[in-house]
Amino acid sequence: MDSQKNWCTKTWRGGHNWRSSIGEATEEALQRIISTLANKNDEIQNFIDTLNHTLKGVQANSSNILSELDEEFDSLYSILDEVKEGMINSIKQEQTRKSQELQSQISQCNNALENSEELLEFATRSLDIKEPEEFSKAARQIKDRVTMASAFRLSLKPKVSDNMTHLMVDFSQERQMLQTLKFLPVPKAPEIDPVECLVADNSVTVAWRMPEEDNKIDHFILEHRKTNFDGLPRVKDEQCWEIIDNIKGTEYTLSGLKFDSKYMNFRVRACNKAVAGEYSDPVTLETKALNFNLDNSSSHLNLKVEDTCVEWDPTGGKGQESKIKGKENKGSVHVTSLKKHTSGTPSPKRTSVGSRPPAVRGSRDRFTGESYTVLGDTAIESGQHYWEVKAQKDCKSYSVGVAYKTLGKFDQLGKTNTSWCIHVNNWLQNTFAAKHNNKVKALDVTVPEKIGVFCDFDGGQLSFYDANSKQLLYSFKTKFTQPLLPGFMVWCGGLSLSTGMQVPSAVRTLQKSENGMTGSASSLNNVVTQ
């Protein structure tokens, strides 16, 4: 009995000691929890105050910025209405978003604070529990609830600030720009200066100026067209204007033109970044040059003629083929003596003149026999003129010159006193010579790729040049008493013409310097009779 009593006494004392040690530790823990909860509550409350202040700041600042925006757009409403509405929507959307974020945080904090206050009250009441088991149970509940308390999982930093990202609204610079904004004036019409314009070497340089200085001019537009009428452009029967755009200066040169009309009209307009101005008064510049085609109606039938091209065609004469076939059947072919044609125009195998068909109805008699000639269709009766001729590389023989209209249909260029030419022979032997009145002057120069022909009708001069280098080849000096026609002979090959050309400046200069040094028709003393 005593031993059992002693055991109970020891057990009570041990339990009492355990109860005391557990209670002291738990009390200290609860005190720390209460202190932590109190501090957290203070932080949460301060955070709530911060959030409320931020919310008020968002509302106040958004109201202010909307008011400022209204003031700015009151003066610019007509042109900035869409921008204004967009910015208002952006600000309202940001306000709504930030308000929702802050309201959500406030709600979370209020819930956490409410739970924390309830837990704090429960913990405070637990301190008054006397029963160890109930106290331990309450302490465990408090510990578990504290561990899971939302107050300890909250971020005590605002998710958004009260600054508005769209508050940077300052239209002072824009207002200043709008106040100084001026419409660009329409440029005035330029003035073309005919004195400063230059027509030379199939090029036209047009120069103009503005009536007054205009630093807003960006570029000019030049328009031109060909015409055969002097003076102002005519509306009817005129070609369309050709346009050259984006000219930066007040001068422009059109080069490589064919002057196939008597005149050219020019007009120009100025352009700024916004608009083009009025056209200048049109200016008409003279661009006369000799234009002619080859006369197919009277050309030799063995020549194929197309405008400014002529080519040897051995099958050109109708009836010629049958004549040749007849001779072939007889086993004989008429061959012209090579010796006879060594210094003159060579001739291929051909039929007699009698095999030629009659002339084309409505045209003059064609050149025939060994003439192989074609003339230009435009007569030269006055003035200075220039054209160029280029032979095919395999051309055997050709002549380039002029002749009176009275040149006979059997005549060859240079073999009569009514024609002048230079003759190139690449058949059997190479010769290059000037020919007139059946007299020949050998030329000790290289045959050029292209021959330039200069005819001064009034001055009685016919000169031939290297068209590329403008080197003088030969000049005839005489007195022309009848209208002249450009004349060409070609055999086994072809020629192409360039007409509508001005007399080149280099040729004019050479004519002045070479006038006393050129050969003449009367100086052809060393001749070879053809």
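Residue numbers restart at each chain and count upward from 1, following the sequence in its written direction. Where local features are concerned, this predicted model is filtered to residues with pLDDT of at least 70; where side-chain atom pairs are given and counted, the filter is 80 or more; whole-chain, interface and lining totals use all residues. To obtain the side-chain values, all non-hydrogen atoms of the structure were used and water was disregarded.

1. Focus on the overall build of the protein
If you tally the helices and strands in the protein, you get 5 helices and 22 strands. A burial count over the protein gives 42% of its 530 residues as buried. A separation threshold of at least 6 residues defines the contact pool for the protein, and within that pool the share at least 24 residues apart is 69%. Note on areas: these come from Shrake-Rupley sampling with a 1.4 Å probe, and a residue is covered only by the protein chains present in the view. Accessible area of the protein: about 30,100 Å², with a carbon and sulfur share of 48%. Starting at the N terminus, helices and strands are each numbered in turn, a helix being any DSSP run of H or I of at least four residues and a strand any DSSP run of E of at least two. Accessibility here uses a 1.4 Å probe with only protein chains present; expressed as a share of the type maximum, an area under 20% marks a residue as buried, one over 50% as exposed, and anything in between as partly exposed. Two residues form a contact once any of their heavy atoms are found within 4.5 Å.

2. Quick word on unusual backbone geometry
A positive phi angle is found at Leu428, which is not glycine, with a value near 70°. Of note, the phi angle at Cys492 is positive, near 55°, even though the residue is not glycine. Examined against the element boundaries, Cys492 turns out to sit in the loop between β21 (484–491) and β22 (494–501).

3. Some remarks on a negative patch on the surface
Side chains of Glu306, Asp307, Glu311 and Asp394 sit close together on the surface and give a patch of like negative charge. Secondary-structure assignment places Asp307 in the loop between β10 (303–306) and β11 (309–312). For Asp307, a relative accessible area of 52% puts it in the exposed group. Each patch is built from residues that are more than 30% exposed by relative accessible area and take part in no salt bridge. Like charges join if they lie within 9 Å; nonpolar side chains (Val, Leu, Ile, Met, Phe, Trp, Tyr) join within 5 Å. The term salt bridge refers to a pairing of a side-chain nitrogen on Lys or Arg with a carboxyl oxygen on Asp or Glu at a separation within 4 Å. The charge count treats Lys and Arg as positive and Asp and Glu as negative. His and the chain ends do not count. Lysine's charge is taken at NZ, arginine's at CZ, aspartate's at CG and glutamate's at CD.

4. Some details on the packing of aromatic side chains
Aromatic pairs are defined between Phe, Tyr and Trp rings, using the six-membered ring for Trp, whenever the two ring centres lie within 6.5 Å; interplanar angles under 30 degrees are classed as stacked, those over 60 as edge-to-face, and all others as tilted. Taken as a whole and judged by the stated rule, the model has 11 aromatic pairs. Ring centres of Trp420 and Phe480 lie 5.3 Å apart, and the angle between their planes is 85°; this geometry places the pair in the edge-to-face category. Here the residue Trp420 occupies a position in strand β15 (residues 419–427), and Phe480 occupies one in the loop between β20 (472–477) and β21, the gap between them amounting to 60 residues. When its relative accessible area of 7% is taken as the criterion, Phe480 is described as buried. Between Phe457 and Phe480, the ring centres sit 5.8 Å apart and the planes meet at 25°, which makes this aromatic pair stacked. Of the two residues, Phe457 sits in the loop between β18 (450–456) and β19 (461–466) while Phe480 sits in the loop between β20 and β21, which places them 23 residues apart along the sequence. Of the two residues, Phe457 and Phe480, neither departs from the other in class, the shared state being buried. An aromatic cluster is present here, built from Trp312, Tyr372, Trp427 and Trp491 joined pairwise through their rings. Here the basic side chain of Arg267 rests over the ring of Tyr279, its NZ or CZ set 3.8 Å away from the ring centre. For a lysine, the NZ atom is tested; for an arginine, the CZ atom; a charge sits over a ring if that atom is within 6 Å of the ring centre and within 35 degrees of the ring normal. The ring of Tyr279 carries the charged tip of Arg269 above its face, separated from the ring centre by 4.3 Å.

5. Brief notes about the nonpolar core
By size, the foremost hydrophobic cluster in this structure holds 49 residues, and its most contacted members are Trp387, Leu462, Phe464, Leu484 and Phe488. The next biggest cluster of nonpolar side chains, apart from the first, holds 20 residues, and it includes Trp208, Met210, Phe220 and Phe259. Definition used in this section: a nonpolar core is a set of buried Ala, Val, Leu, Ile, Met, Phe, Trp, Tyr and Cys residues joined via side-chain atoms within 4.5 Å.

6. Some thoughts on the confidence of the model for the protein
Confidence of the predictor at the level of single residues is given by pLDDT, which spans 0 to 100. Confidence along the protein averages 80 in pLDDT terms, with 79% of residues attaining 70 or more. Looking across the protein, the model is least confident in helix α4 (residues 320–329), with a mean pLDDT of 41, and most confident in strand β3 (residues 203–209), with 97. Ignoring residues within four places in sequence, the model shows residues 319–363, a span with pLDDT below 50, making 66 contacts including any to other chains. Counting contacts from residues 517–523, a segment whose pLDDT is below 50, to residues more than four positions away or on other chains yields 16 contacts.

7. Brief notes about the sheet that holds β20
Any two strands with at least two DSSP bridges between them are considered paired. In space, the 7 strands of this open sheet follow the order β10-β11-β22-β13-β18-β19-β20, with antiparallel pairing throughout. With one partner strand each, in any of the chains shown, β10 and β20 form the two edges of the open sheet. Going across the sheet, the axis of each strand differs from the next one's by a mean of 15°, ignoring polarity. One ladder, built from 4 bridges, connects β10 with β11; its direction is antiparallel. Bridged to Lys304 within β11 is Glu311. To get an axis, fit a line to the C-alpha atoms, keeping to the stretch in contact for a helix; angles then go from 0 to 180 degrees between the N-to-C directions.

8. Describing the pairing of strand β9 (residues 283–286)
Here β9 shows one buried face, formed by Val283 and Leu285, and one open face, formed by Thr284 and Glu286. Bridge analysis of strand β7 (residues 263–271) against β9 gives 4 bridges, and the strand direction is antiparallel. By the bridge assignment for β9, Asn265 is matched with Thr284.

9. Quick look at the sheet that holds strand β17 (residues 439–442)
Read from one edge of the open sheet, 6 strands run β12-β21-β14-β15-β16-β17, paired in antiparallel fashion. With partners counted over all chains shown, the strands left at the sheet margins are β12 (373–375) and β17, one partner each. On average, each strand axis in the sheet is inclined to that of its neighbour by 25°, with strand direction left out of account. Pairing of β12 with β21 involves 3 bridges; the strand directions are antiparallel.

10. Some remarks on the pairing of β3
With 6 of 7 residues buried, β3 is to be regarded as a mostly interior element. Pairing of strand β2 (residues 198–200) with β3 involves 3 bridges; the strand directions are antiparallel. Bridge assignment links Val199 to a residue of β3, and that residue is Val204. The turn joining β2 and β3, which pair antiparallel and follow one another in sequence, is formed by 2 residues; a positive phi near 55° is taken by Asp201.

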